[in-house]
Amino acid sequence: MSVSVETAAVSAPRRRVRPPKLVVQHKKAIAIFIAPFAVLFAMFYLVPIGYAVYQSLLVIQRDGTFGQAREVFGGFAQYVQVFQNGPFWQSVGRVLLFGAVQVPVMLGLALLFALLLDSPILRGKRFFRLAFFVPYAVPGVIAAIMWGFLYSPNLSPFTAVTQNIDFLSADLVLWAIANVVTWVFVGYNMLIIYSSLLSIPTEIYEAARLDGAGQMRIAWSIKIPLVMPAIVLTAIFSIIGTLQLLAEPQVFRTFSSAVSSTFTPNLTVYTTSAIPNVNLAAAFSVVLALATFILSFGFLKFTQRKDDK
């Protein structure tokens, strides 16, 4: 009984073709170039994180009322205090509300300004690009002091407004701080989005114009979808920055009694470390870092899943 060549080929076991091994050349040169970054990354990132975790596991013990204080291993005792600390979680809720309103407004303005700079209709682009970005060159503390004087009823040049609307009251001071943060960081986020717009090939715009699309249609259907990765990047940066809010509320404490020492999580950490209670402050920092990671990573995964659909 003869077997055809085709049948024999099908019935014969298939050999697995192994991909060729990737040979890495110049390993020593690669190590030399990576070493400076690795050393600095370990010294100024990994070591401080490890030290903070270590400090958060210690507690202070004394022999008697006036005995010498010493640090001993306390396990998760500091973290129990963190999760029982009402003012800290109130500050977390406050900055989450802050971010839910301020971040979309800031990124919306940044996107609008970037689209205006990329539009052929706008004249004087160099001036507006500089004007939009200049507030970011102002340090956050200086910006907070400047806006604090503008909000103060007795110091502001706009007394007709500030004497009728108390921007430093308990109801409005959070949004007064949000205005300062928005004013400073709109230009920074705009620059990232605008750089992404400049990388879009002009042939796409020309094809859209040949199809009869106007500037609004091009912006909505072409520009915004193509710069969405840049918008997601700026959103993640903004989420991280929101949970790290410190300079502006700390400055506003000198202008408003509504800003307490636990107004934001970072301000709580700063106040706790100044008592001093370094171990509890380290536990606050670790919990805050984990919350920041979960929020930013969760937002990134959510946007990626939405894009996959």
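Please refer to the structure higher up on the page.
Summarised in this report is the structure supplied together with it. Since the structure is predicted, the reported quantities are computational estimates derived from the model, not experimental observations. (Residues numbered from 1 in each chain as written. Predicted model: local features only at pLDDT ≥ 70, side-chain atom pairs only at ≥ 80, totals over all residues. Heavy atoms only, no water.)

**Structural notes on the side chain of Thr234**
- Relative to the helices and strands, Thr234 is located in helix 11 (residues 228-243).
- Given a relative accessible area of 0%, Thr234 falls into the buried group.
- Apart from residues no more than four positions distant in its own chain, Thr234 is found in contact with Leu107, Asn189 and Ile192. (Helix = DSSP H or I, 4+ residues; strand = E, 2+ residues; numbered from the N terminus. Buried < 20%, exposed > 50% of the residue type's maximum accessible area, 1.4 Å probe, protein only. Contact = heavy atoms within 4.5 Å.)

**A closer look at the nonpolar core**
- The biggest cluster of nonpolar side chains holds 20 residues, and the ones touching the most others in it are Phe98, Tyr151, Ile177, Val180, Phe252 and Phe263.
- Contributions of two or more residues to this core are made by helix 6 (140-151), helix 8 (173-198) and helix 12 (247-252).
- For this core, the leading source of residues is helix 8, giving 8 residues.
- Once residues lying within four places of it in the same chain are set aside, the contact partners of Ile177 are Phe98, Leu245, Glu248, Pro249, Phe252 and Phe263.
- One finds Leu111, Leu117, Phe132 and Ile200 within the second-largest nonpolar core, a separate group that totals 19 residues. (Core = buried A, V, L, I, M, F, W, Y, C linked by side-chain atoms within 4.5 Å.)

**Comments concerning the pattern of salt bridges**
- This model, assessed by the stated rule, comprises 1 salt bridge.
- One salt bridge connects Asp118 with Lys223, and the closest N-O pair in it is separated by 2.9 Å. Here Asp118, found in helix 4 (residues 86-118), pairs with Lys223, found in helix 10 (residues 215-226); they are 105 residues apart in sequence, far enough to count as distant. In terms of burial, Asp118 and Lys223 fall into one category: buried. (Salt bridge = Lys/Arg side-chain N within 4 Å of Asp/Glu carboxyl O.)

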